[in-house]
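Observations on the three-dimensional arrangement
Given next are the chains, with one letter for each unit.
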Amino acid sequence: MKFIISSLLIVNCLFFSSLHGADKKREYYQLTLYHFTTAEQEKIIDNYLKNSLLPALHKLNMKDIGVFKPIANDTAKDKIIYILVPLVSTEQMVSLPLQLLKDKEYVQSGKEYLEAAYNNPPYQRIENLLFKAFPLAPKMILPNLSGPRAERIYEFRSYESATEALYRNKVKMFNEGGEISLFKRLEFNAIFYAEVISGGHMPNLTYMTSFENMEERTKHWKTFVEDAEWKKLSSMQEYKNNVSKADIVLMSAADYSDY
């Protein structure tokens, strides 16, 4: 009996150790949204990101930082710049602001933004969201795109669920259900898939795909909805009604974005 109990304990320890090890390999992502309304604000934000923030993050060995602008910005009243930063831990996110302020070059080059007057702010508001990569997509993958940078399309999708249980069900559909592998087979150039662990409109998950141009984006989604594997997966009773709302943002990359 003692041998059986000991064996079970060893098996359980190995199992949970394996889970913990796999969990540690999953990246975190901070998505910051800068809301602005004027061309002057956009210029200040661009200058700050290009000449101050990204160089400072690169000095901290942080890479693969994406900066994106929604195509809808041209006509939107509430314009947005997205910046996506991969993180190794939540602690890195918490400590980052103080680390940046210790960088004299960052402080000097970002003076226009960092010391903006109260009555002339460089943005309307800032949003910060924190994501954790899916178990079966633990690391960001940079897109394999070769066409003109100006024509590339980055598609950001956020899926909300009516309850936490249905949200977990949708996460399962992406992982164990095979939705991630389907996107991979159809060459969607997915950059990340992640759970939203802090942010608005929860519970929800999010992911980003990329395409050479708008025409390719249209072709890929047509192929997706007509694919036999997707039709089978989406018709399964166990995955019914697990998305209550989908937000889709089509974007282009800033010229100083890492990809």
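Look a little higher up for the structure.
The sections below set out a description of the structure shown in this document. All values reported here derive from a predicted model rather than from experimental measurement.

Let's talk about the packing of aromatic side chains
Going through the model one piece at a time under the given rule, you end up with 29 aromatic pairs. Centroid distance Y29 to F192: 5.1 Å. Interplanar angle 45 degrees. Geometry classified as tilted. With a gap of 163 residues between them, Y29 in strand β1 (residues 28-36) and F192 in strand β6 (residues 192-198) connect regions that are remote in the sequence. Of the two residues, Y29 and F192, neither departs from the other in class, the shared state being buried. Ring centres 6.3 Å apart and planes at 40 degrees place the aromatic pair Y159 and F174 in the tilted group. Linking Y159 in strand β5 (residues 153-160) with F174 in helix α6 (residues 164-174), this pair joins segments that are 15 residues apart in sequence. Per residue, the accessibility class of Y159 equals that of F174, and both read buried. Here a set of aromatic residues connected by ring pairs shows up, and it is made of F134, Y159, F174, F183, F188, Y193, Y207, F211, W221, F224 and W230.

Here we look at the nonpolar core
Formed by 25 residues in total, the largest nonpolar core has its most connected members in Y34, L49, L53, L57, V67 and I83. Listed by contribution, the elements that provide at least two residues to this core are β1, α2 (39-59), β3 (79-87) and α3 (90-101). In terms of residue count, the dominant contributor to this core is α2 (8 residues). The residues touching L53, leaving out its near neighbours within four places in the chain, are Y34, Y48, I83, L100 and Y106.

Here's the deal with the sheet that holds β6
Pairing is antiparallel around the closed barrel formed by 8 strands, whose spatial order is β1-β3-β2-β8-β5-β7-β6-β4. Adjacent strand axes in the sheet meet at a mean angle of 35 degrees, parallel and antiparallel pairs treated alike. Sheet topology note: the β5/strand β7 (residues 204-211) ladder contains 8 bridges and is antiparallel. Bridging across to β7, R157 finds its partner in Y207. Its contacts with the sheet put α3 on β1, β3 and β4 (125-133), and the angle it makes with β3 is roughly 120 degrees.

A short note on the pairing of β7
By the criterion of burial, β7 is predominantly enclosed, with 8 of the 8 residues buried. Side chains N204, T206, M208 and S210 of β7 all project onto a buried face; the interleaved residues L205, Y207, T209 and F211 project onto the opposite face, where all are buried too. Across 4 bridges, β6 lies against β7 in antiparallel orientation. Its bridge partner lying in β7, F192 is registered against M208.

Parameters at a glance
- Residues numbered from 1 in each chain as written.
- Predicted model: local features only at pLDDT ≥ 70, side-chain atom pairs only at ≥ 80, totals over all residues.
- Heavy atoms only, no water.
- Phe/Tyr/Trp six-rings, centres within 6.5 Å; stacked < 30°, edge-to-face > 60°.
- Helix = DSSP H or I, 4+ residues; strand = E, 2+ residues; numbered from the N terminus.
- Buried < 20%, exposed > 50% of the residue type's maximum accessible area, 1.4 Å probe, protein only.
- Core = buried A, V, L, I, M, F, W, Y, C linked by side-chain atoms within 4.5 Å.
- Contact = heavy atoms within 4.5 Å.
- Pairing = 2+ DSSP bridges.
- Axes fitted to C-alpha atoms, helices over the stretch in contact; angles between N-to-C directions.

Take it as geometry only, folks, not as evidence of what the structure does.
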